Amino acid sequence: MFDQAMARIACRFRRVEPRATARAFVLGLLSGAERKNCWQLAEEAGHSRPGAMQRLLRNARWDAEEIRDDVRAYVLESLGGDGVLIVDETGFLKKGLHSAGVQRQYTGTAGRIENAQVGVFLAYATARGRALIDRRLYLPERTWCQDGERRAGSGVPGHVEFATKPRLALRMIEAALDAGCTSSWVTGDEVYGQDPHLRSGLEARGVGYVLAVACTTRVRINQDRTGVQADAVAAYLPRDAWHRQSAGAGAKGPRYYDWAWIQTGADKNRCLLIRRKPTTGELAFYLCWSPGAVALSSLVRVAGTRWCIEECFQAAKGQVGLDHYQVRHWTSWHRHITLAMLALAFLAAVAVSAKPGRSPDPSRPAHSSGPIDLTIPEIRRLVGMLFRRPTAPLHSLLNWSIWRRLHQEQARRCHYQRRLSSYPET
């Protein structure tokens, strides 16, 4: 299966050297290496220096957008149809000022304002599994889009202009639909639910949505022109308006909530969906639209699917090094992220193929259900063990140690010189 996955992208490389390096790079991402940057991936692959890995991300001739298309097709083929498209962003904490798109901004990764890059991602989820299928690096308007010198230093292409996160999300959704994705639903959190252009764009494509919004969002009830806040609507709902349903299976069992829905505006297929946590009474609100009539259970299923992208982020960062890169350049960022998405897609495809279709074992005790299905972390561990290289000879380990320390000394010396030159002599 790994050979088949790599064969999908082989034609994207004009020369055999970067093709072989890409294979070693993805294998390194699937390995048990502590950090999955170019240095450690090169050592894991048995290279004497990280130059080949660094050239793959920076100078080699290949198009990350083409491989992104291959990853998307691979995921759609592996996970099947009737899926939900999910949009969300995640942060990559960074030091310094020169990495493309970096600035002090809020990121959920840290839960506060930090120096970080932010990537907007699109995931595809079905009952069989989930994986990331597209990505966009968010470029802040004032500090990056309007700073030509900073853009040039980080390799930001001239045609790239400022776009809000919902605008980036809509572009990814449209690209997926144009590529043959037959998903009927899109879901996302408040950042995307509050954007009217995203909602209207989805309606124009005939794609239904269940998008989270703030409690202060105003909706029109019974042709009310001024609108009513969503939390006020929830306060006046009668007891029989609430229905307890599961939003899908979680790690500890079904996730049961109380749900209510009410039509908004003149469109019968437009509604406000309200979720209430039974234990605390905490409320969440969703604006929903569909091209045809749907049941409450369908909206609940889509709303519950939104958490799949959080699982994708956790797996991508924890298992295949999505955030382990040490690059500054625009092109390098997209290349590393795309190859990490390919590694995650491979793990998702293996998980789907490994799900048993066996009949019950008569020798198994009635109270025993056997092991759970293979998970992404377990598959990554098994693949890493399967492809693990023999222990490197002692001289190779020492050579890498010496090389790393020489490189770190050179970097420290340059930093000291730059810092001292910024202070006037006394």
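Quick note: structure is the one above.
Residues numbered from 1 in each chain as written. Predicted model: local features only at pLDDT ≥ 70, side-chain atom pairs only at ≥ 80, totals over all residues. Heavy atoms only, no water.

(A) Local environment of the overall build of the chain. Along the chain, the regular secondary structure elements total 16 helices and 12 strands. Whereas a compact globule of 426 residues would reach a radius of gyration of roughly 22 Å, the chain reaches 24 Å, a difference of no more than 12%. Structurally, the chain occupies a C-alpha span of about 75 × 75 × 40 Å along its principal axes. Taking all 426 residues of the chain together, the buried fraction comes to 47%. Here the analysis covers contacts within the chain between residues at least 6 apart in sequence; of these, 64% occur between residues at least 24 apart. Carbon and sulfur atoms form 50% of the exposed surface of the chain, whose accessible area is close to 22,500 Å². (Helix = DSSP H or I, 4+ residues; strand = E, 2+ residues; numbered from the N terminus. Rg over C-alpha atoms; globule rule 2.2 N^0.38 Å. Buried < 20%, exposed > 50% of the residue type's maximum accessible area, 1.4 Å probe, protein only. Contact = heavy atoms within 4.5 Å. Areas by Shrake-Rupley, 256 points an atom, 1.4 Å probe, with all protein chains shown as cover.)

(B) A look at the environment of Glu43. The topology assignment puts Glu43 in helix H3 (residues 38-45). Through-space distance from the C-alpha of Glu43 to that of Ser396 is 9.1 Å; in sequence the pair is 353 residues apart. Excluding residues within four positions of it along the chain, Glu43 makes contact with Arg389, Leu397, Trp400 and Arg404.

(C) How the structure looks around the pairing of strand E3 (residues 112-125). Counting buried residues in E3 gives 11 out of 14 residues, a clear majority hidden from the surface. Where strand E1 (residues 84-93) lies against E3, 10 bridges are found, and the strand directions are antiparallel. Within E3, the position partnered with Ile86 by the bridge is Ala123. Of the strand pairs in this sheet, strand E2 (residues 103-107) and E3 are connected by 5 bridges, and their pairing is antiparallel. (Pairing = 2+ DSSP bridges.)

(D) A look at the packing of helix H14 (residues 330-354) against helix H15 (residues 376-386). Close contact between H14 and H15 brings their axes to 9 Å; oriented N to C, the two are set at 105°. In terms of axis orientation, H14 runs roughly perpendicular to H15. Note on element contacts: H15 touches H14 through Ile376, Ile379, Arg380 and Val383, opposite Leu344, Phe346, Leu347, Ala348, Val350 and Ala351. Split by residue class, the contact of H14 with H15 holds 9 nonpolar, no polar and 1 charged. (Axes fitted to C-alpha atoms, helices over the stretch in contact; angles between N-to-C directions. Parallel < 35°, antiparallel > 145°, perpendicular 65-115°, else oblique. Nonpolar A, V, L, I, M, F, W, Y, C, P; charged D, E, K, R; others polar.)

(E) Spotlight on the packing of helix H4 (residues 51-58) against H14. The interhelical angle for the contact between H4 and H14, taken along N-to-C directions, is 105°, at an axis separation of 7 Å. Judged by the angle between their axes, H4 and H14 are roughly perpendicular. Two secondary-structure elements touch here, H4 through Arg55, Leu56, Leu57 and Arg58 and H14 through Thr331, Ser332, Arg335, His336 and Leu339. A breakdown of the residues in the contact of H4 with H14 according to their chemical character gives 3 nonpolar, 3 polar and 3 charged.

(F) Region of the structure containing the side chain of Lys36. Within the secondary structure layout, Lys36 lies in the loop between helix H2 (16-29) and H3. The side chain of Lys36 sits in the buried core without any salt bridge; Glu44 is the nearest counter-charge, 9.0 Å away. A polar contact of 2.8 Å, which involves the side chain of Lys36, links it to the backbone oxygen of Leu29. Looking at Lys36, its side chain comes within polar contact range of the main-chain oxygen of Ser31, at 3.0 Å. The contacts of Lys36, once residues within four sequence positions are left out, are Gly28, Leu29, Ser31, Leu41, Gln319, Val320, Gly321, His324, His336 and Arg380. (Lys, Arg positive; Asp, Glu negative; His and termini not counted. Salt bridge = Lys/Arg side-chain N within 4 Å of Asp/Glu carboxyl O. Polar contact = N/O pair within 3.5 Å; in protein donor to acceptor, adjacent residues only side chain to side chain.)

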